[in-house]
Amino acid sequence: MKIAKNTVVTVNYKLSDAQNNLIEEGAQPMVYLHGGYENTLPKIEEELDGKEVGYASTLQVEPDDAFGDYDAELVKVEDRSRLPEPLEVGMQFEGMADGADDEPMIFTVTEIADDKVVLDGNHPLAGMALRFELSVVDVRAATDEEIAHGHVHGAHGHHHGEEAVGDSDEGDHFRSQPLH
Ligand SMILES: [Zn+2]
């Protein structure tokens, strides 16, 4: 079966930066619903469209087509007392950007001083060119329900639990974050 709109694609991947430093080994394959559902980067869909099981490729994606450029305005300094303890670099919090009244964003703690904390609202992969080594291991037709929901169900896909309303999809970062 060829990869086309409304197929479910299972792909093994390895993610590196443009200098070939490994970012993510991809211990679990990525499973996504193909066809513009924003389950993965559009460049990846473009690369895999029309391909079949066994297709392998290395794809480089520039920041514009991945997680955008790094935006220094998304970095803010907070009083440490406003954040929970214990606090560690790398922890993430949901919050609002200063002056923004739209979607809450995820901030990552990048520095901790005595009484101040630096929070960075950029995606951890913002500003980076990314290199994906992709290898297609399965292609199947999506179910009507998957198409209606716009995401994959089952083993590696989306699980509907009691809190399914919030639809907090904790997938791999490059397929669960909003795309720019
Ligand atoms: Zn669903």
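**Focus: the nonpolar core**
Stage number 1. Within the largest apolar cluster, 24 residues are counted, with the highest numbers of intra-cluster contacts made by Val 9, Leu 130 and Phe 132.
Stage number 2. Those elements that provide at least two residues to this core are β1 (7-17), β3 (30-33), α1 (42-48) and β9 (130-141).
Stage number 3. Looking at this core, the element that brings in the most residues is β1, giving five residues.
Stage number 4. Not counting residues up to four positions away in its chain, the partners in contact with Val 9 are Ile 3, Tyr 32, His 34, Leu 48, Val 136 and Val 139.

**Re the sheet that holds strand β8 (residues 116-120)**
One key point about sheets: their strands pair by backbone hydrogen bonds, in either a parallel or an antiparallel sense.
Stage number 1. Strand order across the open sheet formed by four strands is β5-β8-β7-β6, with antiparallel pairing between neighbours. Since the sheet does not close on itself, it has two edges, and those belong to β5 (75-79) and β6 (92-95), each with one partner. For this sheet the average axis-to-axis angle between neighbouring strands, irrespective of direction, equals 40 degrees.
Stage number 2. Across four bridges, the pairing between strand β7 (residues 105-112) and β8 is antiparallel. Paired with Glu 111 across the strands is Val 118, a residue of β8.

How each quantity is defined
Residues numbered from 1 in each chain as written. Predicted model: local features only at pLDDT ≥ 70, side-chain atom pairs only at ≥ 80, totals over all residues. Core = buried A, V, L, I, M, F, W, Y, C linked by C-beta atoms within 7 Å. Buried ≥ 20, exposed ≤ 12 C-beta atoms within 10 Å, placed from the backbone. Helix = DSSP H or I, 4+ residues; strand = E, 2+ residues; numbered from the N terminus. Contact = placed C-beta atoms within 7 Å. Pairing = 2+ DSSP bridges. Axes fitted to C-alpha atoms, helices over the stretch in contact; angles between N-to-C directions.

Honestly, that's just the spatial picture; any functional story needs more than this.
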